[in-house]
Amino acid sequence: MTESPLVKDLNSAQREAVAAPLGNQLVLAGAGSGKTRVLVHRIAWLMEQQSVSPHQVMAVTFTNKAAREMRERLTHLIGDRLGPRGVHSMWVGTFHGIAHRLLKAHWQEAGLSQNFQIMDSDDQLRLIKRIYQTLALDDSRWPVKQAQWYINNQKDEGLRPAHIDPGHDPFAQTMKLVYEAYEEACENAGLVDFAELLLRSHELWLKNKSLLDHYQRRFVAILVDEFQDTNSVQYAWLRVLAGHACAVTAVGDDDQSIYGWRGAKIENIQQFENDFAPVGVTRLEQNYRSTSTILSAANAVIENNFGRLGKNLWTDGGEGEHIDLFAGFNEQDEARYIVERVQDYLREDGSRARTDCAVLYRSNAQSRILEEAFLRENVPYRIYGGQRFYDRLEIKNALAYLRLISSRQDDAALERVINTPTRGIGAKTIESIRIFARDQGCSLYAAMQAALRNKVFSARAAGALNGFVALIDELEENVAQLTLGEAAELVLEKSGLVEFHRKEKGEKGQARVENLEELVNACRLFEPQDEEVTPLQEFLANAALDAGDGQADEFEDAVQMMTLHSAKGLEFPLVFLAGMEENLFPHKMSLDEPGRLEEERRLCYVGITRAMDKLVISYAESRRMHGNENFNAVSRFIREIPQNLVREVRIQSTVSRPASYSSSSATRQTEVDDFPDLKLGQSVLHPVFGEGTITQFEGRGAGAKVYVNFMREGGKWLALQYAKLEVV
DNA sequence: CTATCCTCGCTTTTT
DNA sequence: GCGAGGATAG
């Protein structure tokens, strides 16, 4: 093996992966095993030892964040050897970003219009809704969401309407019809959805051999991150591009495949070994993140899955602390405990930060209770995920104005803003424009102008429409001479969007105005890379492909809250896994199929392996779900963790949990036997009535009642079994 | 056109 | 139980 300074600080497995000969490589990289490090070093090594030049390298990731990180680390490691364009001489990006780049360069060959726009899933849904109207389809029989799901799935599998044989299945027949109409509408409006980017560029290569040949010659080395998340088109795309001569390095972890539900195929890892043979395989199993206690728990849980490629994480670090397990009386109790643990953790050592703590949960709905608990104790928190910046209503409206200015054919954009803010163009007027456009086979904007010329509208509607056309024309004229930031500011002012949201009552309007200001700011900071298109066009494409997360309050020291899915790839010294109950995690939708249950288990594995020093697992014995009280059993995943690693935490400062369960009975009921912490004169907290004092007792066991004198609400009798009293 | 009521749905999410 | 989006009345 060549001794290069590049591989000096790597362990032997990493070194083997980095310095493997120029050929196809599969790197099975466990959680926290230095996977990105290996990818970056592999690129450097190929350049140094195999004289691969930067522009012969393509590195593909799934998220913009991962692509950004890779670029940064490459610049850090070999920035001085990358030439004048730095890291931009390589193609480093997401599957979608790279496909977009190809389509922009070869729009003619791909059969697209020159200024095609990328449509996000929201626009896509609106478009399909409109198609439902033209086809007069019943959306209660065939939900629109399902049609969207269907279309995206077909595209992810590489299928066009022509490939689909619906047989006698009325659902498939209808969906095929929608899919066909949808394609036509996209074509006419110059719109391309996410899946289309990949499918279209894949087809481009297949039908244009000389173009494919060009790229196959160009790329000598292709590296793919998170290979277990690739779907069918992505895999096919890669296989075509790589051809027979290119060296592909695929890095992935079958145990961390958690996106099967959106088309990712773990099988692609095994498939890779066949299709790209000969393939060298290396395993990265040494973990640099977690204590051995945490790793043992993770290994034990994932062990229960079948058909794994096999991998066992180990560390030469210490054992660390036990995993704590807390049983909350209900979800409020659980949330309160978590907040308390965070406060203790910070109090123990002044150098610790709130960002060191993360609360992970299975579904977004769980965040509210946790949020309230943090809010009550004035602990700053930040929720990741949820609505993304560019998905916010006000931002989408603003972008739609910019899109319309940049492309008049963009019907989706026109529909969004023609009457936002309201300017007296009603549903009827818009409908007649739609009909006109359909008859003429032109864009809505063109139809509107033609209809105005033919004077088909009432004086009022015509006035409003003329105003709108004048506005868009005026904006376009001015925007051409301004910087992007100034242009955005002008558009927001003149369109009346800022004014519209300023007048909105409540804090919501305020927040929206602030978001719009943030958008102007993003425009100001935007640095165009591409000289082929206008900065505005480039910005719009970027906005469509970028979640734009991490906008506000990024630097505030706050506890991190997120779903298990969004935690993938991150690490925290202190991790809470909340809501570890059957039906919630594993989710009840995943219980019937073994494959889906295994995916839940992998999700649990991902969660456990996020923790560096300390893991706290919790569940609630009673939980309100969709308005009903549920008594869920303890998650099977908890039972899969060896007992000796776990310390059960008893409740100290709260109402005791119900003393006994009759575990034999199928429908388990909470039985209240006694509440040792409750006595006369005790101060208690009620979730609705607030703070009060116990002044009387009545009854025992399940029928026990207390009389509480509330500070705000006065005295009330409460059934202990139902009232969620907390000792203060 | 806007305000309000009502219904619906409800796992995970990137691009 | 809660929030979003659609339908309906004003």
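Residues numbered from 1 in each chain as written. Chains lettered and ligands numbered in written order. Predicted model: local features only at pLDDT ≥ 70, side-chain atom pairs only at ≥ 80, totals over all residues. Heavy atoms only, no water.

*Asks:* Any details on the packing of aromatic side chains? Residues and values, ideally.
*Replies:* The relative placement of two aromatic rings is captured by the distance of their centres and the angle of their planes. For the coordinates displayed, the defined rule picks out 19 aromatic pairs. Pairing Tyr-150 with Phe-171 gives two aromatic rings, centres 6.0 Å apart and planes at 90°, and the pair type is edge-to-face. Of the two residues, Tyr-150 sits in helix H6 (residues 144–156) while Phe-171 sits in helix H7 (residues 170–189), which places them 21 residues apart along the sequence. Ring pairs connect the aromatic residues Phe-62, Trp-91, Phe-95, Trp-205, Tyr-215, Phe-219 and Trp-237, which therefore count as one cluster. The positively charged end of Arg-262 is found above the aromatic ring belonging to Trp-261, 5.9 Å away from the centroid. If you follow Arg-352 out to its NZ or CZ, it ends over the ring of Tyr-345, 4.1 Å from the centre. (Phe/Tyr/Trp six-rings, centres within 6.5 Å; stacked < 30°, edge-to-face > 60°. Helix = DSSP H or I, 4+ residues; strand = E, 2+ residues; numbered from the N terminus. Lys NZ or Arg CZ within 6 Å of the ring centre and 35° of its normal.)

*Asks:* How would you explain the protein's contact with DNA strand B if you had to name every residue and give the values?
*Replies:* Among the 29 residues in the neighbourhood of DNA strand B, the closest are listed as Asn-64, Arg-362, Thr-422, Thr-563 and Arg-596. Those atoms of DNA strand B that come within 4 Å of the protein belong to sugar or phosphate at a rate of 56%. Between a phosphate oxygen of DNA strand B and a main-chain N or O atom of Asn-64, the distance comes to 2.6 Å. Across the surface near DNA strand B, the residue classes tally to nine nonpolar, 16 polar and four charged. (Near = heavy atom within 4 Å. Polar contact = N/O pair within 3.5 Å; in protein donor to acceptor, adjacent residues only side chain to side chain. Nonpolar A, V, L, I, M, F, W, Y, C, P; charged D, E, K, R; others polar.)

*Asks:* Give me the lowdown on the side chain of Arg-341, citing residues and values where you can.
*Replies:* In this fold, Arg-341 is placed in helix H13 (residues 331–348). Take Arg-341: its relative accessible area is 17%, and that puts it in the buried class. Excluding residues that lie within four positions of it along the chain, Arg-341 makes contacts with Asp-324, Phe-576, Lys-614 and Val-616. (Buried < 20%, exposed > 50% of the residue type's maximum accessible area, 1.4 Å probe, protein only. Contact = heavy atoms within 4.5 Å.)

*Asks:* Describe in detail the protein's contact with DNA strand C, supporting the description with residues and values.
*Replies:* What surrounds DNA strand C is the set Lys-129, Arg-368, Arg-624, His-626 and Gly-627. Within 4 Å of the protein, the contacting atoms of DNA strand C are 53% sugar and phosphate, with bases supplying the remainder. Taken together, the residues of the surface near DNA strand C break down into no nonpolar, two polar and three charged.

*Asks:* With reference to specific residues and values, describe the nonpolar core.
*Replies:* If you look at the biggest cluster of nonpolar residues, it comprises 53 residues, and the most contacted ones within it are Tyr-390, Leu-399, Ile-418, Met-448 and Phe-468. Looking at which element gives the most residues to this core, the answer is helix H19 (residues 459–479), with 10 residues. When neighbours within four sequence positions are excluded, Ile-418 is seen to be in contact with Arg-423, Ile-425, Ile-430, Ile-433, Met-448, Leu-465 and Phe-468. In terms of nonpolar packing, the next biggest core, distinct from the first, is built from 45 residues, Ile-118, Leu-211, Ile-222 and Ala-544 among them. (Core = buried A, V, L, I, M, F, W, Y, C linked by side-chain atoms within 4.5 Å.)

*Asks:* Run through the environment of Phe-637, naming residues and quoting values.
*Replies:* Mapped onto the elements of the fold, Phe-637 is located in helix H26 (residues 636–639). Measuring from C-alpha to C-alpha, the distance between Phe-637 and Glu-582 comes to 8.9 Å, with 55 residues separating the pair along the chain. Sequence-distant contacts of Phe-637, that is, excluding residues within four places in its chain, are made with Val-301, Met-580, Phe-585, Pro-586, Leu-597, Glu-600, Arg-601 and Cys-604.

*Asks:* Report on H19, specifying residues and quantitative values.
*Replies:* If you check H19, its first and last C-alpha atoms are 30 Å apart, about what 21 residues at 1.5 Å a residue would give, namely 30 Å. Buried residues of H19: Ala-461, Ala-462, Ala-464, Leu-465, Phe-468, Val-469, Leu-471, Ile-472, Leu-475 and Val-479, and no others. The elements touched by buried residues of H19 are helix H15 (393–406), helix H16 (411–417), helix H17 (427–440), helix H18 (444–453), helix H20 (484–495) and helix H23 (535–545). (Expected span 1.5 Å × (residues − 1).)

*Asks:* Could you give an account of the packing of helix H2 (residues 35–49) against helix H3 (residues 64–78), with specific residues and numbers?
*Replies:* Two numbers describe how H2 lies on H3: the axes approach to 10 Å, and their chain directions differ by 50°. One way to sum up the angle between H2 and H3 is to call them oblique. Crossing angle aside, the handedness with which H2 passes H3 is right-handed. Where H2 approaches H3, its residues Thr-36, Arg-37, Leu-39, Val-40, His-41, Ile-43, Ala-44 and Met-47 are matched on the opposing element by Glu-69, Met-70, Arg-73, Leu-74, Leu-77 and Ile-78. Among the residues forming the contact of H2 with H3, the class breakdown is nine nonpolar, two polar and three charged. (Axes fitted to C-alpha atoms, helices over the stretch in contact; angles between N-to-C directions. Parallel < 35°, antiparallel > 145°, perpendicular 65-115°, else oblique. Left-handed = near helix turned anticlockwise from the far one by under 90°.)

*Asks:* Could you give an account of helix H11 (residues 267–275), naming the residues involved and the relevant values?
*Replies:* Among the residues of H11, Asn-268, Ile-269 and Phe-272 are the ones counted as buried. Looking straight down H11, one finds that the buried residues subtend no more than 105° of arc, so they occupy a single side. Tucked into the core, H11 has its buried residues touching strand E1 (24–29), helix H10 (232–242), strand E7 (247–252) and strand E8 (279–284). (Arc of directions from axis to C-beta.)

*Asks:* Give me empty space enclosed by the protein: which residues, what numbers.
*Replies:* Applying the stated rule across the entire model yields two cavities of 30 Å³ or more. Volume-wise, the largest cavity comes out at about 150 Å³. Elements with a contribution of two residues or more to the lining of the largest cavity: H15 and H23. Each residue belonging to the lining of the largest cavity can be placed in one class, and the counts come to seven nonpolar, no polar and seven charged. Looking at which domains feed residues into the lining of the largest cavity, each of domain 2 (117–189) and domain 4 (391–539) supplies at least three. (1 Å grid on protein atoms, 1.4 Å probe; cavity = no way out; pocket = protein on both sides within 12 Å on 5 of 7 lines; lining within 4 Å. Points joined across faces, edges and corners; volume = space filled by probe spheres on them. Domains from an automatic or database assignment.)

*Asks:* Go over the environment of Arg-624 with me, naming the residues and quoting the values.
*Replies:* Tracing the backbone through its elements, the reader meets Arg-624 in strand E14 (residues 611–625). Assessed through its relative accessible area of 47%, Arg-624 is described here as partly exposed. In sequence terms Arg-624 and Val-359 are 265 residues apart; their C-alpha atoms lie 19 Å from each other. Here the side chain of Arg-624 touches Gly-627 through a polar contact of 2.8 Å, landing on its backbone oxygen.

*Asks:* I'd like to hear about the side chain of Asp-410, residue by residue, with values.
*Replies:* Within the fold, Asp-410 resides in the loop between H15 and H16. When residues no more than four places from it in sequence are discounted, the contact partners of Asp-410 are Gln-117, Ala-189, Leu-191, Arg-403 and Leu-404.

*Asks:* Outline the pairing of strand E12 (residues 559–563), listing residues and values.
*Replies:* In regular strands, side chains alternate between the two faces of the sheet. In terms of residue burial, E12 counts as a mostly covered element, since five of its five residues are buried. Side chains of E12 alternate between two faces, with Val-559, Met-561 and Thr-563 and Gln-560 and Met-562 buried alike. The pairing of strand E10 (residues 357–361) with E12 spans four bridges and is parallel. Each residue of the ladder has a partner; that of Tyr-361, found in E12, is Thr-563. Pairing analysis gives three bridges linking strand E11 (residues 381–383) to E12, with the strands arranged parallel. Among the inter-strand pairings, Tyr-381 is bridged to a residue of E12, identified as Val-559. (Pairing = 2+ DSSP bridges.)

*Asks:* Which residues make up the sheet that holds strand E2 (residues 57–61), and what are the values?
*Replies:* Read across the open sheet, the six strands follow the order E3-E2-E6-E7-E1-E8; overall the sheet is parallel. Pairing within the sheet leaves two strands with one partner each, and these edge strands are strand E3 (91–94) and E8. Going from strand to strand, the sheet's axes swing by 15° on average, the running direction of each strand aside. Taken together, the four bridges between E2 and E3 define a ladder with parallel strand orientation. The residue bridging Thr-61 from the neighbouring strand is Thr-94, located in E3. Against the sheet, helix H4 (residues 95–105) makes contact with E2, E3 and strand E6 (221–224), and its axis sits at roughly 120° relative to E3, the strand it touches most.

*Asks:* I'd like to hear about the state of the cysteines, residue by residue, with values.
*Replies:* In protein structure, a disulfide is the covalent linkage between the sulfur atoms of two cysteines. Summed over the entire model, instances satisfying the criterion amount to zero disulfides. This cysteine, Cys-186, is not joined by any disulfide, and Cys-442 carries the nearest cysteine sulfur, 17 Å off. (Disulfide = S-S within 2.5 Å.)

*Asks:* With reference to specific residues and values, describe the packing of H18 against H19.
*Replies:* Here H18 crosses H19 at 130°, and the two axes come no closer than 11 Å. Taken together, the axes of H18 and H19 lie oblique to each other. Relative to H19, the crossing made by H18 is left-handed. Each of Tyr-445, Met-448, Gln-449 and Leu-452 in H18 lies in contact with H19, whose residues at this interface are Ala-462, Leu-465, Asn-466, Phe-468, Val-469, Ile-472 and Asp-473. Split by residue class, the contact of H18 with H19 holds eight nonpolar, two polar and one charged.

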